[in-house]
Amino acid sequence: MDTVLTLTTWIGLGLICMVMAEKRGRNKTLGFVAGLFFGVFAIIYYAIVGDTKELKEAKFEEAVIRVDKRRRNK
(Lines give C-alpha, C1' and ligand atoms only; values in the text may rest on other atoms or scores of the structure.)
Protein backbone atom coordinates (compact mmCIF):
# COMPACT_ATOMS: atom_id res chain seq x y z
CA MET A 1 0.00 0.00 0.00
CA ASP A 2 2.83 2.39 0.81
CA THR A 3 4.40 1.78 -2.58
CA VAL A 4 1.18 2.67 -4.39
CA LEU A 5 0.82 5.88 -2.39
CA THR A 6 4.45 6.83 -3.05
CA LEU A 7 4.18 6.18 -6.79
CA THR A 8 0.90 8.09 -6.98
CA THR A 9 2.45 11.05 -5.17
CA TRP A 10 5.51 11.18 -7.45
CA ILE A 11 3.39 10.83 -10.59
CA GLY A 12 1.14 13.59 -9.30
CA LEU A 13 4.15 15.84 -8.74
CA GLY A 14 5.30 15.04 -12.27
CA LEU A 15 1.91 16.00 -13.69
CA ILE A 16 1.85 19.25 -11.74
CA CYS A 17 5.30 20.15 -13.08
CA MET A 18 4.21 19.22 -16.60
CA VAL A 19 1.23 21.58 -16.43
CA MET A 20 3.35 24.36 -14.92
CA ALA A 21 5.99 23.93 -17.63
CA GLU A 22 3.40 23.99 -20.40
CA LYS A 23 1.76 27.18 -19.08
CA ARG A 24 5.17 28.86 -18.95
CA GLY A 25 6.10 27.91 -22.52
CA ARG A 26 8.64 25.29 -21.51
CA ASN A 27 9.11 21.63 -22.44
CA LYS A 28 6.33 19.68 -20.76
CA THR A 29 8.07 16.31 -21.07
CA LEU A 30 11.10 17.68 -19.27
CA GLY A 31 8.75 19.17 -16.68
CA PHE A 32 7.16 15.77 -16.05
CA VAL A 33 10.53 14.05 -15.71
CA ALA A 34 11.80 16.81 -13.39
CA GLY A 35 8.70 16.38 -11.24
CA LEU A 36 9.25 12.64 -11.03
CA PHE A 37 12.88 12.92 -9.98
CA PHE A 38 12.96 16.15 -7.97
CA GLY A 39 9.39 16.43 -6.69
CA VAL A 40 8.63 19.57 -4.71
CA PHE A 41 11.96 21.13 -5.70
CA ALA A 42 10.93 21.00 -9.37
CA ILE A 43 7.62 22.68 -8.53
CA ILE A 44 9.50 25.45 -6.72
CA TYR A 45 11.81 25.81 -9.73
CA TYR A 46 8.94 26.20 -12.21
CA ALA A 47 7.21 28.66 -9.86
CA ILE A 48 10.34 30.83 -9.72
CA VAL A 49 11.59 30.59 -13.32
CA GLY A 50 8.50 32.12 -14.93
CA ASP A 51 7.63 32.41 -18.62
CA THR A 52 10.03 32.06 -21.52
CA LYS A 53 11.06 35.20 -23.36
CA GLU A 54 8.95 34.24 -26.38
CA LEU A 55 5.84 33.71 -24.25
CA LYS A 56 6.35 37.04 -22.48
CA GLU A 57 6.60 38.79 -25.84
CA ALA A 58 3.47 37.05 -27.13
CA LYS A 59 1.50 38.06 -24.03
CA PHE A 60 2.73 41.65 -24.40
CA GLU A 61 1.69 41.78 -28.06
CA GLU A 62 -1.72 40.38 -27.16
CA ALA A 63 -2.15 43.06 -24.48
CA VAL A 64 -1.18 45.80 -26.96
CA ILE A 65 -3.76 44.55 -29.45
CA ARG A 66 -6.48 44.55 -26.77
CA VAL A 67 -5.61 48.12 -25.75
CA ASP A 68 -5.61 49.23 -29.37
CA LYS A 69 -9.07 47.70 -29.92
CA ARG A 70 -10.42 49.49 -26.84
CA ARG A 71 -9.10 52.82 -28.09
CA ARG A 72 -10.71 52.30 -31.49
CA ASN A 73 -14.09 51.55 -29.92
CA LYS A 74 -14.22 54.88 -28.03
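Notes on the structure follow. (Residues numbered from 1 in each chain as written. Predicted model: local features only at pLDDT ≥ 70, side-chain atom pairs only at ≥ 80, totals over all residues. Heavy atoms only, no water.)

Position of Ala47 among the secondary structure elements: in helix α3 (residues 40-49). Distance in space between the C-alpha atoms of Ala47 and Leu30 is 15 Å, their sequence separation being 17 residues. Residues contacting Ala47, with those up to four places away along its chain left out, are Met20 and Arg24. (Helix = DSSP H or I, 4+ residues; strand = E, 2+ residues; numbered from the N terminus. Contact = heavy atoms within 4.5 Å.)

For the rest of this paragraph, the subject is the packing of aromatic side chains. For the structure on display, the rule yields 1 aromatic pair. Aromatic side chains Tyr45 and Tyr46 sit 5.2 Å apart centroid to centroid with 75° between the ring planes, which places their arrangement in the edge-to-face category. Tyr45 sits in the partly exposed class, given a relative accessible area of 46%. For Tyr46, a relative accessible area of 5% translates into the label buried. (Phe/Tyr/Trp six-rings, centres within 6.5 Å; stacked < 30°, edge-to-face > 60°. Buried < 20%, exposed > 50% of the residue type's maximum accessible area, 1.4 Å probe, protein only.)

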